[in-house]
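Examining the three-dimensional arrangement
Here is how the chains run, residue by residue.
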Amino acid sequence: NIGGYVLSFFVAANKLKQLIIYLLIVSLVELAAIFLTVPTWGATALIVSLYYLGNILLISLFTYSLRKNFKIHLEYRKFFNLAACSAILTMLIFPVLCIKGNLIELFLGIAAIVLLYPPMLVIFKTVDTQLLNEVKYLTKRIPVLEQTVDCLCIYSNIFIRLFDG
């Protein structure tokens, strides 16, 4: 997660005031989004406001700060592709989230994410074989994650072969 690294940079560079300003900006935007959207769209709006909007804004501010203060340049293409995948997936599963009934909503939402997110990440060139191999290596010694990650990697590799070759 870029946030953990950036926090370390801010602390090491004694730029806590700037960090607090960024966190306040994100909090105010999230709070405004919650008040504007939750009365109409309920819990779904809360999730979108806090998870997608807040994360995208925070990562944008952090990457700007890394470039400005530390002269660190990141590969923005993958970041924007990931943001695009998240936004499109949100639009695709929004109708599913409108179905009332907590368990049905939960299971349909999870199924939609598991089935749609890996191919979208491949199509948008956010995930490739190298990244999947790194993820598999990192989770190899964690039994709880290893099987799930292996299944997702196999599923994602189907789309990598389909779209890349």
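First, a word on what this report is: a plain description of the structure on this page. Worth saying up front: this structure is predicted, and the values here are computed from it rather than measured. (Residues numbered from 1 in each chain as written. Predicted model: local features only at pLDDT ≥ 70, side-chain atom pairs only at ≥ 80, totals over all residues. Heavy atoms only, no water.)

Another aspect to go through is the environment of F10. Mapped onto the secondary structure, F10 falls in helix α1 (residues 2–12). Residue classification places F10 among the buried residues on the basis of a relative accessible area of 0%. Each C-alpha atom of the pair F10 and S65 lies 9.3 Å from the other, and the pair is 55 residues apart in sequence. Once residues lying within four places of it in the same chain are set aside, the contact partners of F10 are K15, L16, Q18, L19, Y22, F62, S65 and F70. (Helix = DSSP H or I, 4+ residues; strand = E, 2+ residues; numbered from the N terminus. Buried < 20%, exposed > 50% of the residue type's maximum accessible area, 1.4 Å probe, protein only. Contact = heavy atoms within 4.5 Å.)

Moving on to helix α7 (residues 143–164). The terminal C-alpha atoms of α7 lie 31 Å apart, and with 22 residues this matches the ideal 32 Å at 1.5 Å per residue to within 8%. Every buried residue belonging to α7 is among V149, C153, S156, N157, F159 and I160, and all of these are buried. (Expected span 1.5 Å × (residues − 1).)

Turning our eyes to something else, we now look at a nonpolar patch on the surface. A surface patch of nonpolar side chains, amounting to about 370 Å² of accessible area, comprises V11, L16, I20 and L24. Looking at which element gives the most residues to the nonpolar patch, the answer is helix α2 (residues 16–41), with three residues. Position of V11 relative to the elements: it lies in helix α1. Residue classification places V11 among the exposed positions, given a relative accessible area of 52%. (Patch = residues over 30% accessible without salt bridge, like charges linked within 9 Å, V, L, I, M, F, W, Y side chains within 5 Å. Areas by Shrake-Rupley, 256 points an atom, 1.4 Å probe, with all protein chains shown as cover. Salt bridge = Lys/Arg side-chain N within 4 Å of Asp/Glu carboxyl O.)

Moving on, we get to α2. In a regular helix each residue adds 1.5 Å, so 26 residues correspond to 38 Å; α2 covers 36 Å between its end C-alpha atoms and thus fits that length. The largest bend in α2 amounts to roughly 30 degrees and is located at F35, with the proline P39 lying one to four residues further along. Three or more residues of α2 are buried, namely Q18, L19, Y22, V26, E30, A33, I34 and T37. Positive backbone phi, at 65 degrees, marks G42, one or two positions downstream of α2. (Bend = angle between axes of the 7 residues up to and from the residue.)

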